[in-house]
Amino acid sequence: SNSGDDTNRIIGSYATGKVYGNTQVGGLVGYSIKSLITQSYSTSTVLGEENVGGLVGSTAASFMISTYATGCVDGMDHVGGLIGWHGSVSETKTSYSIGLVNLGEPGLSIGGFIGTNLGIIEYCYWDSVTSGQDESAGEPDVLGRMTVDLVRTSTNLYLDWNFQDIWRMTNY
């Protein structure tokens, strides 16, 4: 929707299934420009070549808050568990990914959370065990954690996460 301020909004949405494409392929959104995506997720399996993400393939001037992706992501370059290409003037906060991230070409941009990062990241995590990736673009602002650490709220891991209204802890 367009509210007159040139910001598209995706709120409380989700996607499941399989998504195939060439470039800018995401489990929920292929290319997010001037958008707010919040309280949304994808369990989709995502297969593409470039700018491939579990939730969003590519962002530009977009904000993602309280989002996650759990599906397998497979691509060639700029591939991430949540976002493939996190463009400039984009921000992602309080989000995570846990899906397996595969890469077709060694040495290209791949990450457990983001493949390539030019934006701002705060309070985000990916599962370094289930993703098969121990690195991500955006480090140290996005942190890889073992599954056992991600399923505990007793640590200081989830600073600024809203467990009263948005998030709840479950085993996965």
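Given the structure is predicted, the values throughout are model-derived calculations rather than measurements.

A. Up close: the overall build of the chain. When its secondary structure is counted, the chain shows one helix and 21 strands. Contacts in the chain between residues far apart in sequence, at least 24 positions, make up 66% of those at least 6 positions apart. Surface summary for the chain: the accessible area is close to 8,200 Å², and the carbon and sulfur share equals 48%.

B. Representation of the sheet that holds strand β4 (residues 23-26) in the model. What the four strands build is an open sheet, ordered β4-β8-β12-β17; its pairing is parallel. Pairing within the sheet leaves two strands with one partner each, and these edge strands are β4 and β17 (110-111). The pairing of strand β8 (residues 50-53) with strand β12 (residues 77-80) spans three bridges and is classified as parallel. By the bridge assignment, Val52 is partnered in β12 with Val79.

C. Examining the side chain of Thr38 more closely. Structurally, the position occupied by Thr38 is in strand β6 (residues 35-42). Owing to a relative accessible area of 12%, Thr38 belongs among the buried residues under this scheme. Contacts of Thr38, omitting those with residues within four sequence positions, involve Ile10, Ile11, Gly12, Ile65, Ser66 and Thr67.

D. Quick peek at the sheet that holds strand β18 (residues 114-117). What the four strands build is an open sheet, ordered β5-β9-β13-β18; its pairing is parallel. Looking at the sheet topology across the chains shown, the edges are occupied by β5 (29-33) and β18. Neighbour to neighbour, the strand axes of the sheet diverge by 10° on average, direction disregarded. Across three bridges, strand β13 (residues 83-86) lies against β18 in parallel orientation. In the strand pairing of β18, Trp85 is matched with Thr116.

E. The arrangement of the nonpolar core in detail. Membership of the largest hydrophobic core comes to 15 residues, with the highest contact counts inside it found for Met64, Leu82 and Phe113. For this core, the secondary structure elements donating two or more residues are β10 (63-69) and β20 (124-127). Counting seven residues, the second-largest nonpolar core is a separate cluster that includes Val25, Val52, Val101 and Ile110.

F. Molecular detail of the packing of aromatic side chains. Per the stated rule, a full pass over the model turns up five aromatic pairs. The interplanar angle of 10° and the centroid separation of 5.3 Å between the aromatic rings of Tyr14 and Tyr41 together place this pair among those described as stacked. Here the residue Tyr14 occupies a position in strand β2 (residues 14-15), and Tyr41 occupies one in strand β6, the gap between them amounting to 27 residues. Take Tyr41: its relative accessible area is 24%, and that puts it in the partly exposed class. Counting every residue linked through ring pairs, the aromatic cluster contains Tyr14, Tyr41, Tyr68, Tyr96, Tyr125 and Trp161.

G. Representation of the pattern of salt bridges in the model. What the rule picks out here adds up to one salt bridge. Note that Lys93 and Glu122 form a salt bridge whose closest N and O atoms lie 3.4 Å from each other. Here Lys93, found in strand β14 (residues 91-93), pairs with Glu122, found in strand β19 (residues 120-122); they are 29 residues apart in sequence, far enough to count as distant. The partly exposed category is assigned to Lys93, whose relative accessible area is 24%.

Definitions and cut-offs
Residues numbered from 1 in each chain as written. Predicted model: local features only at pLDDT ≥ 70, side-chain atom pairs only at ≥ 80, totals over all residues. Heavy atoms only, no water. Helix = DSSP H or I, 4+ residues; strand = E, 2+ residues; numbered from the N terminus. Contact = heavy atoms within 4.5 Å. Areas by Shrake-Rupley, 256 points an atom, 1.4 Å probe, with all protein chains shown as cover. Pairing = 2+ DSSP bridges. Buried < 20%, exposed > 50% of the residue type's maximum accessible area, 1.4 Å probe, protein only. Axes fitted to C-alpha atoms, helices over the stretch in contact; angles between N-to-C directions. Core = buried A, V, L, I, M, F, W, Y, C linked by side-chain atoms within 4.5 Å. Phe/Tyr/Trp six-rings, centres within 6.5 Å; stacked < 30°, edge-to-face > 60°. Salt bridge = Lys/Arg side-chain N within 4 Å of Asp/Glu carboxyl O.

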